[in-house]
Amino acid sequence: MLHFTKIYRFEVLLLLTFTVIFCFSLSLLRFAYTGSMLYLFLNWNLLLAILPCIISSYLVLHRHSINRYSFAALSIAWLLLFPNSPYILTDLFHLHRHDGMPQWYDLIMILSFAWAGLLFGFMSLFQIEKILLEKCSAITTNIIVVSLLFMAAFGVYVGRFLRWNSWDIVSNPLTLGADIADRFVHPFDHGRTWGLTLFMGSLLSLIYFSAKMISRLIRGH
């Protein structure tokens, strides 16, 4: 498991900052070249992807000092926002939209934003895993982590294909709840729902645990 020392946190912060600057620069250069606002939404999506990491960073640093109600509220907020991190992967669907920019540039730009979203999301999940390991066994923690990744995949489906947003849980909870419940009550009527959840959840799990394994190899654990 990653050790969140002061030096490590500084290195991570530097990497994340550079990643955000790189993505923003690609977006800004595209806007300057074409005058088109077509892909500026990627910056908003990345901001949403960063929020879970901010919450988990606060939780891991202050988990022993905040009360359980605040901890529970922040944990729920994290859970609702976490799908925004892998969601940017689906922005590749927009790659066919052109307005004077080479397609290869748009591919690199969208992949950069998608990678940034995953980076923030996985860093956030690393931190949540650190908290879980203090209360649960390694096996139980891994089961919870995999479950969270599949829940995130389901959240990606809800956002991309049903067009619901994280704040709809507050602004329109009944309709959102009915939409989600229908997919559990009539699962065979929603093959795309469970197909995307299964395969994206598997992909996210594969990437996440691969990143953990590489980290351990590098650090000699």
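Residues numbered from 1 in each chain as written. Predicted model: local features only at pLDDT ≥ 70, side-chain atom pairs only at ≥ 80, totals over all residues. Heavy atoms only, no water.

(A) Structural context of the packing of aromatic side chains. Summed over the entire model, instances satisfying the criterion amount to 11 aromatic pairs. Plain terms: the ring middles of Phe-154 and Phe-184 are 5.7 Å apart, the flat faces sit at 55° to each other, and that makes the pair tilted. Of the two residues, Phe-154 is situated in helix H6 (residues 138–160) and Phe-184 in helix H8 (residues 173–185); the sequence distance between them amounts to 30 residues. Classification of Phe-154 as buried rests on a relative accessible area of 11%. Geometrically, the ring pair formed by Tyr-208 and Phe-209 is edge-to-face, given 5.3 Å between the ring centres and 85° between the ring planes. An aromatic cluster of three or more residues is present, and its members are Phe-122, Phe-126, Tyr-208 and Phe-209. (Phe/Tyr/Trp six-rings, centres within 6.5 Å; stacked < 30°, edge-to-face > 60°. Helix = DSSP H or I, 4+ residues; strand = E, 2+ residues; numbered from the N terminus. Buried < 20%, exposed > 50% of the residue type's maximum accessible area, 1.4 Å probe, protein only.)

(B) Geometry of the side chain of Lys-212. Relative to the helices and strands, Lys-212 resides in helix H9 (residues 191–219). In this view, Lys-212 contacts Phe-126, Glu-129 and Asn-142; residues no more than four positions away in its chain are not counted. (Contact = heavy atoms within 4.5 Å.)

(C) Inspection of unusual backbone geometry at higher detail. Positive phi, normally seen in glycine, also occurs at Arg-163, with a value near 65°. Inspection of the secondary structure assignment puts Arg-163 in the loop between H6 and helix H7 (168–171). Residue Arg-163 is classed as exposed on the basis of its relative accessible area, which comes to 53%.

(D) Quick look at the pattern of salt bridges. Under the counting rule described, the total for this entry stands at 6 salt bridges. Here Arg-30 makes a salt bridge to Asp-99, at a shortest N to O gap of 2.6 Å. Note that Arg-30 is positioned in helix H1 (residues 6–34) and Asp-99 in the loop between helix H4 (84–87) and helix H5 (103–133), a separation of 69 residues in sequence. Glu-129 is the partner of Lys-212 in a salt bridge, and the nearest nitrogen-oxygen pair spans 2.5 Å. On the criterion of sequence distance, the pair formed by Lys-212 in helix H9 and Glu-129 in helix H5 is long-range, its members being 83 residues apart. With relative accessibility at 2%, the residue Glu-129 sits in the buried group. Within the structure, one salt-bridge network assembled from shared partners comprises Arg-30, Asp-99 and Asp-106. (Salt bridge = Lys/Arg side-chain N within 4 Å of Asp/Glu carboxyl O.)

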